[in-house]
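Secondary and tertiary structure notes
One letter stands for each residue in the lines below.
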Amino acid sequence: MYDIIIAGAGTAGLSAAVYGARAGKRVLVLEKEVYGGQIMSASVVENYPGIRKISGYEFAQGLYEQAMEQGAEIKYEKVLEIQNSETYKTVHTSLSAYDSRTVILASGAKNRHLQVAREEELTGKGISYCATCDGAFYRGKDVAVVGGGNTALEDALFLSGYCRKVYLIHRRDQFRGEKRLQDSLREKEHVIWVLESHVAALNGTGYLESVTIEQEPDKGKKELAVSALFIAIGQEPDNQPFASLVELDAHGYIKAAEDCRTSAEGIFAAGDCRTKTVRQLTTAAADGAAAALAACAYIG
Ligand SMILES: Cc1cc2nc3c(=O)[nH]c(=O)nc-3n(C[C@H](O)[C@H](O)[C@H](O)COP(=O)(O)OP(=O)(O)OC[C@H]3O[C@@H](n4cnc5c(N)ncnc54)[C@H](O)[C@@H]3O)c2cc1C
């Protein structure tokens, strides 16, 4: 019987593991992929208080080692279902089942897809969701970014350092992202703004060769020859396995406030997977601490 089982080894989950293990609790972290979560794909982090500059990988590695040194355990298994009885919870995974007094859900969020035909087929063959991870493969090539927020603008700026031409496609006539980023992009002649347009088709044999865009309001079509399309249209939570366990909001995020308590007794939610306005490393780490301490208090 564990004291705390944590679903997800991102910043929130590993921070919760540090706090839980440090409080002397028996802690198991379950991760469906690799530890670290989203920040693994960030080339550099400059806004975590107390750390001036660090790569996403180094940040995640440090946090992972800290949690393991405190005595937390990790297993690479996907959490599929959680049964909540009055005295303990049973966490069913892709390989096994584990009992625990409390559970912290820290499943984060994942990139939203465009929902255009051939998107899955061409992922890794020109379609990417992470410019910082894959941008270097397209050095000297023509690429496109789709999206209107900060991530899309940052991706375009990043790619403009490597690529010959960067098309920035957005369905509205204005970007939502920060003016500072827009101003930096405006200064770059090889960044071409493609506004009031959406991606209608992905073309290529085996690899992406071009995207067809449809322009508003006349629905005129245009083909952009690109080697890559970076999709930066936001994120969505990955809370399906917990939908019958805890209350979710209209967007699928777990309803929990600052204390990280969910609608189910002894089940807590931390990080990007819960309803909140700011989704960052600082807020994920803060949630991890709050959820672990709330779990410790619940165990008594
Ligand atoms: C490219 C990029 C750059 C960023 N840069 C910054 C930055 O500079 N500064 C900043 O503050 N923030 C940055 N962020 C945001 C920051 O990374 C997130 O806010 C933070 O990672 C959230 O942590 P989390 O633990 O809640 O979720 P995640 O990091 O998403 O981790 C969740 C983990 O749970 C796992 N998981 C999901 N479902 C299950 C399941 N059923 N069973 C087991 N495991 C599961 C996932 O595989 C994942 O490892 C960036 C994000 C991205 C994508």
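Residues numbered from 1 in each chain as written. Predicted model: local features only at pLDDT ≥ 70, side-chain atom pairs only at ≥ 80, totals over all residues. Heavy atoms only, no water.

Comments concerning the overall build of the chain
In plain terms, the rule: In DSSP terms, a helix is any run of H or I states spanning at least four residues, a strand is any run of E spanning at least two, and both are numbered starting from the N terminus. Using C-alpha atoms as the atom set, the radius of gyration is obtained and then compared with a globule rule of 2.2 Å times the number of residues to the power 0.38. Whether a residue is buried, partly exposed or exposed follows from its accessible area with a 1.4 Å probe, protein chains only, as a fraction of its type maximum: under 20%, in between, or over 50%, in that order. Contacts are residue-level and defined by heavy atoms, with any inter-residue pair within 4.5 Å sufficient. What sets the accessible areas is the Shrake-Rupley method with a 1.4 Å probe; for residues, cover comes only from the shown protein chains.
If you tally the helices and strands in the chain, you get six helices and 17 strands. The C-alpha radius of gyration of the chain comes to 21 Å, within 12% of the 19 Å expected for a compact globule of 300 residues. Out of the 300 residues belonging to the chain, those deemed buried represent 49%. The contacts in the chain between residues at least 6 apart in sequence include a share of 57% that link residues at least 24 apart. Working note: accessible area of the chain is about 14600 Å², and carbon and sulfur atoms make up 47% of it.

Observations regarding the domain arrangement of the chain
To be explicit about the condition: Each domain's extent is set by a domain assignment, obtained either automatically or from a database. Here's the idea: put two parts together, see how much 1.4 Å probe accessible area each one loses, and the total over both is what we call buried area. For this analysis, a salt bridge means a side-chain nitrogen from Lys or Arg found within 4 Å of a carboxyl oxygen belonging to Asp or Glu. Two N or O atoms form a polar contact when they lie within 3.5 Å of each other; inside protein one atom must be a possible hydrogen donor and the other a possible acceptor, and for residues adjacent in sequence the pair counts only when both atoms belong to side chains.
Here the domain parsing of the chain yields domain 1 (2-111 + 235-299) and domain 2 (127-231). The C-alpha-based centres of domain 1 and domain 2 are spaced at 33 Å. Facing four residues of domain 1, the contacting portion of domain 2 comprises five residues. Approximately 290 Å² of surface area, both sides summed, lies buried where domain 1 meets domain 2, with 60% of it carried by carbon and sulfur atoms. Among the residues domain 1 hides against domain 2, the three largest losses belong to Ser41, Ser43 and Asn111. Together they make up 99% of the total. Our enumeration of links across domain 1 and domain 2 arrives at zero salt bridges. Applying the counting rule to domain 1 against domain 2 returns zero residue pairs in polar contact (both at pLDDT 80 or more).

What about the packing of aromatic side chains?
Under the convention used in this document: Aromatic rings from Phe, Tyr and Trp, with only the six-membered ring used for Trp, were paired whenever their centres fell within 6.5 Å, and each pair was classed as stacked if the ring planes differed by under 30 degrees, edge-to-face if by over 60, and tilted otherwise. By definition here, charges over rings are those cases where NZ of Lys or CZ of Arg is within 6 Å of the ring centre and within 35 degrees of the ring normal.
Across all of its chains, the model carries seven aromatic pairs by this definition. Aromatic pair tyrosine 35 and tyrosine 64: ring centres 3.7 Å apart, planes at 5 degrees, arrangement stacked. Taken together, the positions of tyrosine 35 in the loop between strand S2 (27-30) and helix H2 (56-69) and tyrosine 64 in helix H2 put the pair 29 residues apart, joining distant regions of the chain. Neither tyrosine 35 nor tyrosine 64 differs from the other in exposure class; each is buried. One Lys or Arg, arginine 26, reaches over the ring of tyrosine 2 and ends 4.1 Å from the middle of that ring. When the ring centre of tyrosine 253 is taken as reference, the NZ or CZ atom of arginine 279 above it lies at 3.8 Å.

Quick look at the sheet that holds strand S15 (residues 228-231)
Selection rule: The rule for pairing is simple: two strands pair if DSSP sees at least two bridges between them.
Read from one edge of the open sheet, five strands run S8-S15-S9-S10-S11, paired in parallel fashion. Looking along the sheet, the strands with just one partner apiece sit at the ends: strand S8 (127-128) and strand S11 (191-194). Both strand S10 (residues 165-169) and S11 contribute to a ladder of four bridges, which runs parallel. What sits directly across from leucine 168, in S11, is tryptophan 193.

Some points on the site of the ligand
Just so we agree on the cut-off: For this description, a residue counts as near a given molecule or strand if any of its non-hydrogen atoms is within 4 Å of it. Gly counts as polar in this scheme, as do all residues outside two lists: the nonpolar Ala, Val, Leu, Ile, Met, Phe, Trp, Tyr, Cys and Pro, and the charged Asp, Glu, Lys and Arg.
Taken together, 32 residues lie near the ligand, and Ala12, Glu31, Gln38, Asn47 and Asp272 sit nearest. At 2.8 Å from a nitrogen atom of the ligand is found a side-chain nitrogen or oxygen belonging to asparagine 47. Taking 1000 Å² as the accessible area of the ligand by itself, protein coverage stands at 88%. The set of elements that each furnish at least two residues to the shell around the ligand consists of helix H1 (11-22) and helix H6 (281-299). Among the residues making up the shell around the ligand, the classes are represented as 13 nonpolar, eleven polar and eight charged.

A closer look at the pairing of strand S5 (residues 89-93)
Within S5, four of the five residues are buried, leaving the element largely enclosed by the surrounding structure. One ladder, built from five bridges, connects strand S4 (residues 79-84) with S5; its direction is antiparallel. Opposite glutamate 81, over in S5, you have histidine 92 as the bridge partner. A loop of four residues connects S4 with S5, the two strands running antiparallel in sequence. Hairpin connection between S5 and strand S6 (residues 97-105): a loop of three residues separates the two successive antiparallel strands.

Focus: the pairing of S2
Rules: Here, the term right-handed applies to a crossover whose path from the first strand over the helix to the second runs clockwise when the strands point away from the viewer.
Side chains Val27 and Val29 project from S2 onto one buried face, and the interleaved Leu28 and Leu30 project onto a second face that is buried too. Relative to S2, strand S1 (residues 2-7) runs parallel, the two sharing four bridges. Note that in S2 the partner of alanine 7 across the bridge is leucine 30. In this view, the connection linking S1 to its parallel neighbour S2 by way of H1 has right-handed handedness. Across three bridges, S2 lies against strand S3 (residues 73-75) in parallel orientation. Pairing of valine 29 across the sheet is with isoleucine 74, part of S3. As a crossover connection, the stretch from S2 through H2 into S3 is right-handed.

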